[in-house]
Amino acid sequence: GYEEARNLIAEARAQLLKMYESKVGNFLAVPKVLVSSEEMIWLNLNHRAGFILSQIDGQVSYEDIVSLSGMPRLDTVRILAELIRDRVIG
């Protein structure tokens, strides 16, 4: 019943996290923004992705960004993976 459903959800979240973490790669690496501020206007980012992007200054690592975000790790790592996929950061 309820407990089984909760366990399945937790397992699915853990699998998703692993998948997104593999797309980010080395969490000690320091990402850089790959698009100009003019191009950024056209990215249509939601406020959470915009906040994550605003933390990337060429000094902080992916792990720092996860810590700074104040969001659940899965949410932050998903956003980072999407920004990498879209070649916004790298």
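Residues numbered from 1 in each chain as written. Predicted model: local features only at pLDDT ≥ 70, side-chain atom pairs only at ≥ 80, totals over all residues. Heavy atoms only, no water.

## Considerations on the pattern of salt bridges
Next up, step 1: This structure, assessed with the given rule, holds five salt bridges.
Next up, step 2: For glutamate 82, the salt bridge identified is with arginine 78, shortest N-O distance 3.3 Å. You can see glutamate 82 and its partner arginine 78 sitting in helix H5 (residues 73-85), four residues apart, about one turn around the helix.
Next up, step 3: Assessed through its relative accessible area of 27%, glutamate 82 is described here as partly exposed.
Next up, step 4: Under the relative-accessibility criterion, arginine 78 is labelled partly exposed at 24%.
Next up, step 5: For arginine 85, the salt bridge goes to aspartate 86, with nearest N and O atoms at 2.9 Å.
Next up, step 6: Salt bridges sharing common partners tie together Glu21, Glu63 and Arg73. (Salt bridge = Lys/Arg side-chain N within 4 Å of Asp/Glu carboxyl O. Helix = DSSP H or I, 4+ residues; strand = E, 2+ residues; numbered from the N terminus. Buried < 20%, exposed > 50% of the residue type's maximum accessible area, 1.4 Å probe, protein only.)

## Brief notes about helix H1 (residues 2-24)
Next up, step 1: With 23 residues, H1 should cover 33 Å at 1.5 Å per step; its first-to-last C-alpha distance of 33 Å lies within 8% of that length.
Next up, step 2: Taken together, the buried positions of H1 are Leu17, Tyr20 and Val24. (Expected span 1.5 Å × (residues − 1).)

## Regarding the packing of H1 against H5
Next up, step 1: Packing of H1 against H5 brings their axes to within 9 Å, and their N-to-C directions diverge by 35°. The two elements H1 and H5 cross, and the hand of that crossing is left-handed. Taking contact as the criterion, the partners of Arg13, Leu16, Leu17, Tyr20, Glu21, Lys23 and Val24 in H1 are, on H5, Arg73, Leu74, Val77, Arg78, Leu80, Ala81 and Ile84.
Next up, step 2: A breakdown of the residues in the contact of H1 with H5 according to their chemical character gives nine nonpolar, no polar and five charged. (Axes fitted to C-alpha atoms, helices over the stretch in contact; angles between N-to-C directions. Left-handed = near helix turned anticlockwise from the far one by under 90°. Contact = heavy atoms within 4.5 Å. Nonpolar A, V, L, I, M, F, W, Y, C, P; charged D, E, K, R; others polar.)

## Digging into unusual backbone geometry
Next up, step 1: For asparagine 44, which is not a glycine, the phi torsion comes out positive at approximately 60°.
Next up, step 2: Position of asparagine 44 relative to the elements: it lies in the loop between helix H2 (37-40) and helix H3 (47-55).
Next up, step 3: Given the relative accessible area of 71%, asparagine 44 is considered exposed.
Next up, step 4: The phi dihedral of arginine 87 falls on the positive side, at around 60°, and the residue is not glycine.
Next up, step 5: Among the secondary structure elements, arginine 87 is positioned in the segment after H5.
Next up, step 6: Overall, the relative accessible area of 64% leaves arginine 87 in the exposed class.

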